[in-house]
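Structural description and commentary
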Amino acid sequence: MFHVAAQALPRSALRAESLEETKALWSPPVQKVFNGETQAHVCVRVRIATGDDADIEYTERFPPGTPVTANEVCSRIANRKGLSDRSSKLFGVWVSGRDLEFEIQPLDDIVKLTESWNLTMVRMTHFPQAVDPSHFVNRYWLTYRRKANIHKDCERELSDDVAEQLLYAEAKRNVLNGRYPCKEQDAVNLAALQLQSMFGDFDPENRPPSLFANRAFLSTVLPSRVVGSKSSIAWARLMSAEHQRLVGTTPRAARAGFLTYFRVQRWLAGLSTDGLVVFERRPKPRFYFVESWDRVSWTYSADTFMLYPTSGRRRHRAFRLVTPQAGLMHSVASRLATREHSVPAATSD
């Protein structure tokens, strides 16, 4: 177990490849395009999840010299996707890096924000490599996705068929890549809902379980971390058994059922040089966990951050946060716990 009083570890685990070796894999999503020495326009490229391995990318052009706000980008994408004015309120533009992501505020200028992205990385993650704007750690993407604080009741009220498709694709992607951790039975239930959405009612004659018993297909409906825990035919039989129970469910109702598995985030974690705070947003807002660095230790994995108070008080024996930012929390906490001067706090959700 790593104790916070230990020396902060250097970020030596960064991938070694250089930008030159991998430049074909990434280009800045926000670029100023010039005609000779005159700026012609600004290109903004935004990803939208499809639920599969590949994303759809939309590129919008904006005139030079005017702010490119998140509101304007959202409006253009909503028009291209055919979203109503009501359902478009569910979505926003996010800036996402390998170790940091957040929703861009509606009136923020995306060009200014991305021009200083490496400084944001330095301030929020404290990675010394981020000082170099060209370093691999500073790569980022823009994504169009569900806003962070949309309540599930609001989602149901505002969503139409187009919005539901977008929400479903985003949720499916998050399940497959492990961003939404789920238990084995939940994974089976969610896979069955996907089968109902794709194929309709269970049909053992035309689509027997053996049809789904291959890794390539299973990787499109099950979380990547669980696919290898059973044989392909075992997974196929479990999925088909659940699929059979959904007879009569419409594809849209299946997608809605898939979405009901996920709720607005209940917890917020805040880190500073003074210590760590966990705030509970629902059912009643309150500070749930407040400890200084000398009174807490932790362990972490790819999607879990475990807190262990060491002060002798038994009110909180241990506390588990399930978050895809567990690795970032570990790195930031390691550095903050050993810094002598105050720095801006980082937040993981």
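Since the model is a prediction, treat every value here as computed from it, not as a measurement.

1. Thoughts on the environment of Leu-218
Tracing the backbone through its elements, the reader meets Leu-218 in helix α8 (residues 215–218). Under the relative-accessibility criterion, Leu-218 is labelled buried at 0%. Setting aside anything within four residues of it in sequence, one finds Leu-218 in contact with Phe-212, Val-227, Ser-232, Trp-235 and Met-239.

2. Here's the deal with the confidence of the model for the protein
Per-residue pLDDT for the protein averages 83, and the proportion of residues at 70 or more is 86%. Mean pLDDT in the protein bottoms out at strand β1 (residues 2–3), which sits at 30, and peaks at helix α2 (residues 70–81), which reaches 96. Confidence drops under a pLDDT of 50 for residues 1–24, and excluding neighbours within four residues, the segment shows 47 contacts in the predicted structure. Here residues 340–349 scores under 50 on pLDDT; set against residues more than four positions off or in separate chains, the count is 29 contacts.

3. Quick look at the pairing of strand β11 (residues 296–300)
Judged from the five bridges that link them, β11 and strand β12 (residues 304–309) form a sheet pairing that is antiparallel. For Val-296, the partnering residue across the bridge sits in β12 and is Pro-309.

4. Quick word on the packing of aromatic side chains
All told, the structure shown has 12 aromatic pairs when counted by the stated rule. Note on Tyr-288 and Phe-319: the rings are 5.1 Å apart at their centroids and 45° apart in plane angle, and the pair reads as tilted. With Tyr-288 in strand β10 (residues 286–292) and Phe-319 in strand β13 (residues 319–322), this residue pair connects regions lying 31 residues apart in the sequence. Note on Tyr-288: relative accessible area 22%, which makes it partly exposed. Judged by centre distance (5.8 Å) and plane angle (25°), the ring pair of Trp-298 and Phe-305 falls under stacked. Here Trp-298 falls in the buried class, since its relative accessible area comes to 0%. Overall, the relative accessible area of 0% leaves Phe-305 in the buried class. An aromatic cluster is present here, built from Trp-26, Phe-102, Trp-117 and Tyr-140 joined pairwise through their rings. For Arg-76, the ring lying beneath its charged end belongs to Phe-62, and the centroid distance is 4.0 Å.

5. Overview of the packing of helix α6 (residues 161–176) against helix α10 (residues 251–259)
In contact at an axis separation of 10 Å, α6 and α10 are set at 50° when each is read in the N-to-C sense. As far as their axial angle goes, α10 and α6 are oblique. When you trace α6 past α10, the crossing you get is left-handed. Here Asp-161, Glu-164, Gln-165, Leu-167, Tyr-168, Ala-171, Lys-172 and Val-175 of α6 lie close against α10, whose contacting residues are Arg-252, Arg-255, Ala-256, Phe-258 and Leu-259.

Rules of the game
Residues numbered from 1 in each chain as written. Predicted model: local features only at pLDDT ≥ 70, side-chain atom pairs only at ≥ 80, totals over all residues. Heavy atoms only, no water. Helix = DSSP H or I, 4+ residues; strand = E, 2+ residues; numbered from the N terminus. Buried < 20%, exposed > 50% of the residue type's maximum accessible area, 1.4 Å probe, protein only. Contact = heavy atoms within 4.5 Å. pLDDT = per-residue confidence, 0-100. Pairing = 2+ DSSP bridges. Phe/Tyr/Trp six-rings, centres within 6.5 Å; stacked < 30°, edge-to-face > 60°. Lys NZ or Arg CZ within 6 Å of the ring centre and 35° of its normal. Axes fitted to C-alpha atoms, helices over the stretch in contact; angles between N-to-C directions. Parallel < 35°, antiparallel > 145°, perpendicular 65-115°, else oblique. Left-handed = near helix turned anticlockwise from the far one by under 90°.

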